[in-house]
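# Survey of secondary and tertiary structure
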Amino acid sequence: MAHFVIVAAMLVDADAGRHHLADELDDMAQMLVEACGEGPREDPHGRECWAAMVAIWRVETGRTFRLYPAARGTGCGPGQVIPRRRFGNSRLGLWATPPCDGLRVPRVGLHWAVLVLRAKALRIRSWRARFRAYNGSHLKDRYAATALRTFRKVL
């Protein structure tokens, strides 16, 4: 229960409360706790994972925290994960992301966003570099700077 409250506070600090009712914030917080708690216990996990996913969700949805964001470019879902893409590393294994319809389900999209972040950030220690690695566009530096500001604010 304490984790849920911390994540809900992070969402409010990141301005999600401006776009969502309290019940929706509760659901969003629960989804983030579940997404960061599932799968391998790799970095990031716990509080850092929650803060990173709040930052990514905020940036990827244009600060609206939409539960069902439209596909933008090649990504789908709240984390704008690229559908049907193989990724991974030697420690975490290899995966193929689900199709776009699956990623649009908020719980599924957030779960896959955490896995992608963990796979790409395995050997990266700097959060700026982790956010830069997560984003695949030509605007990586701007993305990383915006995500890092939110991450530091809510952590």
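Refer to the structure above for everything that follows.
About the thresholds
Residues numbered from 1 in each chain as written. Predicted model: local features only at pLDDT ≥ 70, side-chain atom pairs only at ≥ 80, totals over all residues. Heavy atoms only, no water. Helix = DSSP H or I, 4+ residues; strand = E, 2+ residues; numbered from the N terminus. Buried < 20%, exposed > 50% of the residue type's maximum accessible area, 1.4 Å probe, protein only. Contact = heavy atoms within 4.5 Å. Patch = residues over 30% accessible without salt bridge, like charges linked within 9 Å, V, L, I, M, F, W, Y side chains within 5 Å. Areas by Shrake-Rupley, 256 points an atom, 1.4 Å probe, with all protein chains shown as cover. Salt bridge = Lys/Arg side-chain N within 4 Å of Asp/Glu carboxyl O. Lys, Arg positive; Asp, Glu negative; His and termini not counted. Charge placed at Lys NZ, Arg CZ, Asp CG, Glu CD. Core = buried A, V, L, I, M, F, W, Y, C linked by side-chain atoms within 4.5 Å.

## Comments concerning the side chain of T150
Relative to the elements of secondary structure, T150 occurs in helix α7 (residues 140-154). T150 gets classed as buried once you look at its relative accessible area, which sits at 4%. Apart from the residues within four sequence positions on either side, T150 is in contact with A14, A55 and R58.

## Observations concerning a positive patch on the surface
Together, R63, R128, R149 and R152 make up a positively charged patch on the protein surface. With respect to the helices and strands, R149 occurs in helix α7. With relative accessibility at 53%, the residue R149 sits in the exposed group.

## Side note on the nonpolar core
Counting residues in each nonpolar core, the largest one holds 51 residues, and the members touching the most others are L11, M28, M53 and F131. Every element with two or more residues in this core is listed here: α1 (2-13), α2 (22-37), α3 (46-60), α4 (100-103), α5 (106-120), α6 (127-134) and α7.

## A word on the environment of E34
Mapping E34 onto the fold places it in helix α2. Residue classification places E34 among the partly exposed positions, given a relative accessible area of 27%. In this structure the C-alpha to C-alpha distance between E34 and W50, which are 16 residues apart in sequence, comes to 9.9 Å.

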